[in-house]
Amino acid sequence: MNEKKLFLLDAMALIYRAYFAMNKNPRINSKGLNTSAILGFTNTLWEILRKEKPSHIGVAFDTMAPTKRHEDFTEYKANREKMPEDIATAIPYIKSIIEAFNIPIIISEGYEADDIIGTLSKKAEEQGFDVYMMTPDKDYGQLITDKVKMYKPARFGNDAEVVGIKEICEKYGLSEPIQLIDILGLMGDAADNIPGVPGVGEKTAIKLIKEFNSVENLLDNVDQLKGKLKEKVEDNKEQALLSKQLATIILDVPVAFEENQLEYTVPSKKKLKEIFDELEFRTLGKRIFTELSTQPKEEVLDLFSSVGTAETTIKEEEDGLKSIDTVKHFYELVDSKEKVLDLIQELNKQESFCFDTETTSLDPLEARLVGISFSYKEHEAYYLPAPKEEKDIKDFLLLFKDLFLSKNIEKIAHNLKYDLSILLKYGIEIEGPVFDTMLAHYLLQPDMRHNMDTLAEFYLEYKTISYEDIVGKGRKQISIEMVDMDKLKDYAAEDADITFQLKKIFDEKLKENELKEIFDKVEMPLIPVLASMENTGVRIDIGALKEISKDLDGQIQLIEDKIYEHADQKFNIASPKQLGEILFDKMKITEKAKKTKSGQYSTSEDVLTKLSSKHPIINDILEYRSLTKLKNTYVDALPNLVSNFDGRIHTNYNQAVAATGRLSSTNPNLQNIPIRTDKGKEIRKAFVPKDKEHTLLAADYSQIELRIFASLCQDQHLLDAFNNGLDIHTATAARVFDVSIDEVTKDLRRKAKMVNFGIVYGISAFGLSERLGISRSESSQIIKSYFAQYPGIKKYMEEVIEKAKENGYVKTLLGRRRYLRDINSSNSVVRGFAERNAINAPIQGSSADMIKLAMINIHNELKLKGLKSKMILQVHDELVFDAYLSELDELKEIINRQMLHALPLSNVPLEVDMNTGSNWLEAH
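Reading the values: the criteria
Residues numbered from 1 in each chain as written. Predicted model: local features only at pLDDT ≥ 70, side-chain atom pairs only at ≥ 80, totals over all residues. Heavy atoms only, no water. Helix = DSSP H or I, 4+ residues; strand = E, 2+ residues; numbered from the N terminus. Contact = heavy atoms within 4.5 Å. Phe/Tyr/Trp six-rings, centres within 6.5 Å; stacked < 30°, edge-to-face > 60°. Buried < 20%, exposed > 50% of the residue type's maximum accessible area, 1.4 Å probe, protein only. Lys NZ or Arg CZ within 6 Å of the ring centre and 35° of its normal. Salt bridge = Lys/Arg side-chain N within 4 Å of Asp/Glu carboxyl O. Pairing = 2+ DSSP bridges. Axes fitted to C-alpha atoms, helices over the stretch in contact; angles between N-to-C directions. Expected span 1.5 Å × (residues − 1). Polar contact = N/O pair within 3.5 Å; in protein donor to acceptor, adjacent residues only side chain to side chain.

Chemist: I keep staring at the side chain of His56 and nothing clicks. Help me out?
Modeler: Inspection of the secondary structure puts His56 in strand S2 (residues 56-60). Ignoring sequence-local partners within four residues, the contact set of His56 consists of Lys5, Leu6, Phe7, Phe129, Glu259, Leu262, Glu263 and Tyr264.

Quick look at the structure:
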């Protein structure tokens, strides 16, 4: 193996890639700095150093100066969006990190990073190096030789990809990699504003270069072409040559190849630690320093000569945060009944206390209580081990019954719903004020992570004892019951102590941000409601699911046979690679087949949907996918999730996941059960009442998001439609398409419905044309007409975006906030995403708040009246009940009243649809 291994990194390509990969879920530190690009780049750099072990490495950056390409073509990169502010802010940090790793940064005024890398690659190759150009940019393919390869970084769980001569030639059908320049010259590049030959895409360019070998030879033989293609090439000869020139990577940049300067040595631990501390990269920092410490001893001593041994190094890294070893604390083991009673007496004197349960499982139904910890003063906590025998645990917890029922003492916990579910399992309820630090932080920072360890680091600069610290990892992991009591005491007591400290911080922040009311009136009262629903569960008819599964098997087999018949061969339909080859190489469904970044054909749902009119096989494939997903994800999976305890399914409702305020559901996800297709609806047949004395009752808000939208924007025409009881989509169609109500056809109503819901989600003319299968000009005209007919909507949208730009957030009717950090971005793509969220978040969030309030009020009234009926499911705007037959009329009245009055809207009536049935499908 060649010991001379050079990695050359295209900095900006990797930075942009890291930023946009995390753009939907950005990493924001406690100072409000978006660290996504920095974190992603650093992770990538470290993976290269760790896995590939380059002997030499350098990082090339572009400069702001105009390049030779700008001199040749003033419009070069003219359409490029301005760099997002978060990337501009990130670059100095990234450069500091590169320097701390003792890696040279290479810049040459007037040249781009690819020119620098191209020049150094050739020089290194001459010196006997194996060179790896690290970038996701396809243009580098032209530089590939036996000794120079592209190294595409890992993405979305896929391994990194090394691209050599074979791979690049196969992908583009080339004789040699340098011909990629000719292909790029013909097809152009919209991102760089390289014009190419109008109308010539990748497939045509490949075909032409296969036949003529180069652009120049093609232009010398234009007479051999036919029709429009001949005309296009002939009319754009100079443009084709210019485009090839612009696409050619320059190989004579004035940069010296200094082998000793590029040699990788060791990082500066001190510099790295300073930067990581500032950025709050504690997990990444610990991982890097720990992995560095496993190097041979002499390397570690060189690396940290001013510090000493590797053990000292790790200790110093952790000393950046406080911990149980550095903070004075009092954690006591309460292991006798006398001590327990003394503690309870003390807790009863407090205004508030924090508690935390230790259990054997994350599933409350399966879990057994191991112990419980309490804290009512900072840095002071108590751990009480539970009895070993299950039958004795209930008696142990009964000692705390009055304490938990006290209406005067506030109970604090992190993820209170879980602790409440554990207590409910043993017959203990909680009353009085409660405070969940996880949900408090969710309201304060809905887009961030809310686990206690992260919050302790951010807000307390404290490193907690991790679960793996006490139970171990992998095969050596032990059960929590086997953990040494002193270790378990410290772990459990620390959790209660830290949560107690976080509560004080978050309580103040909720008040400062005007979020205390929604916290106290919505999120906290909802906890016992969800815990009750999860504990109750829902009954499943396994026999019905088996019948549906059998029926689906037959249908899937029939569709498989049709697909094989269309393709004239058998293949793995589930394999995107094989499917792409069948559709686009063999069947030639389209000449403009889209490809993924790995080079294989894209067969995603949106790609196939656009091609559905091209050949019957496309719709069959989409149907095949739909049915197999239905079968595998729901029909065959649900029976395996039925609890052994009561034969029912118990989902888990998540309050702190969706930034909009909506609930989500996991294990299983009952909120995603399909309803739009007939086969999807069949699954709901399997959800059945508790017994013969019950029936299922489903109640849902009618067009709630559009009603909230009407209330927010106060457009008179929209208000009139709802107040006059008109079908909103029909009314919209009549206005937008200028016809009478009676003249509205199904197709016009369909288009109006798409516009009504699309506007709420910030749909564009392009998006509408895609959804409706119409031209962009027609969709643009529909949207224009819509805003002309509903001027209040346009005015409201503009005002919402303007307020969002001023405040940095939008609010629901109850004050729930959605922060929009990119709302003032100069990058139109990034800003557009934030603007769409600005319009939608108040609507979707208000809808979520409304259903939550309805759930709380219905649950409380059912409990107050001692009714046997139970609320068992919540799916977006719909509630499902196990209704006791003799209570049905009373239950309907309660549900209707509480849903209608949960969150009254201004000038817009609410409607609730309600039905009963022997299964969920009948009741829906």
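Chemist: Help me understand the packing of aromatic side chains in this model?
Modeler: Centre-to-centre distance and the angle between the planes together describe a pair of aromatic rings. The full count for this structure, using the stated rule, is 27 aromatic pairs. Ring centres of Tyr459 and Phe506 lie 5.0 Å apart, and the angle between their planes is 90°; on these two criteria the pair is classed as edge-to-face. Taken together, the residues Tyr459 in helix H22 (residues 452-460) and Phe506 in helix H24 (residues 485-512) connect sequence positions 47 residues apart. For Phe506, a relative accessible area of 0% translates into the label buried. The ring of Phe289 has Lys269 lying over it, and the distance from NZ or CZ to the ring centre is 5.9 Å. The aromatic ring of Trp920 is capped on one face by Arg684, whose charged end is 3.9 Å from the ring centroid.

Chemist: I tried to follow the pattern of salt bridges on my own but got confused; where do I start?
Modeler: Side chains bearing opposite charge may pair, as long as their charged atoms lie close to each other. Evaluated as defined, the whole model comprises 50 salt bridges. For the salt bridge of Lys503 with Glu410, the shortest nitrogen-to-oxygen distance reads 3.0 Å. With a gap of 93 residues between them, Lys503 in helix H24 and Glu410 in strand S11 (residues 410-413) connect regions that are remote in the sequence. On the accessibility criterion, Glu410 (15% relative accessible area) is buried. The partner of Glu878 in a salt bridge is Arg684, with the nearest N and O atoms 3.5 Å apart. Remark: Arg684 occurs in the loop between helix H30 (678-682) and strand S17 (687-688) and Glu878 occurs in strand S22 (residues 878-884); sequence separation between them is 194 residues. One network of salt bridges, with partners in common, ties together Glu410, Lys503, Asp507, Glu508, Lys511, Lys516 and Asp520.

Chemist: Help me out: how do you make sense of the sheet that holds strand S10 (residues 380-385) in this one?
Modeler: Neighbouring strands of a sheet are bound in pairs by backbone hydrogen bonds; such pairs are parallel or else antiparallel. Strand order in this open sheet of six strands is S7-S10-S9-S8-S11-S12, and the pairing throughout is mixed. The sheet terminates laterally at strand S7 (330-333) and strand S12 (434-436), the two strands that pair on one side only. Here the average twist between neighbouring strands, direction ignored, is 25°. Examined bridge by bridge, S11 and S12 share three bridges and lie parallel to one another. Across the sheet, residue Ile412 finds its bridge partner in S12, namely Phe435. Contacts from helix H17 (residues 337-347) reach S7, strand S8 (352-359), strand S9 (369-377) and S10, with the element oriented near 40° to S9. Across the sheet, H24 touches S7, S8, S9, S10, S11 and S12, and the angle it forms with S9 is around 45°.

Chemist: Mind showing me how you'd approach unusual backbone geometry here?
Modeler: The step from Asn667 to Pro668 runs through a cis peptide bond, and the omega angle for that step is 0°. Tracing the sequence through the fold places Pro668 in the loop between strand S16 (664-666) and H30. If you check the backbone angles, Glu280 has positive phi at about 70° while not being a glycine. Positionally, Glu280 belongs in the loop between helix H13 (269-279) and helix H14 (282-293). Even without glycine at this site, Glu514 takes up a positive phi of about 55°. Looking at where Glu514 falls in the secondary structure, it is placed in the loop between H24 and helix H25 (516-536).

Chemist: Honestly, the pairing of strand S21 (residues 870-875) in this entry has me stumped. Any pointers?
Modeler: Put simply, side chains in a regular strand alternate between the two faces of the sheet. In terms of burial, S21 is a largely internal element, five of the six residues being buried. Across five bridges, S21 lies against S22 in antiparallel orientation. Bridge assignment links Lys870 to a residue of S22, and that residue is Asp882. Here S21 hands over to S22 after two residues, with His876 in that stretch at a positive phi of 55°.

Chemist: It is not clear to me how helix H26 (residues 542-567) should be interpreted in this structure. Could you clarify?
Modeler: Structural remark: α-helix, 3.6 residues per turn; residues separated by three or four positions point the same way. An ideal rise of 1.5 Å per residue puts 38 Å on 26 residues; H26 measures up with 37 Å between its terminal C-alpha atoms. Within H26 the residues assigned to the buried category are Ala544, Leu545, Ile548, Ser549, Leu552, Ile556, Ile559, Glu560, Ile563, Tyr564 and Ala567. Packing partners of the buried residues in H26 comprise strand S13 (538-540), helix H27 (576-586), helix H29 (616-635) and H30. Near the N-terminus of H26, the side chain that reaches the backbone nitrogen of Gly543, with its oxygen 3.1 Å away, is that of Asp541.

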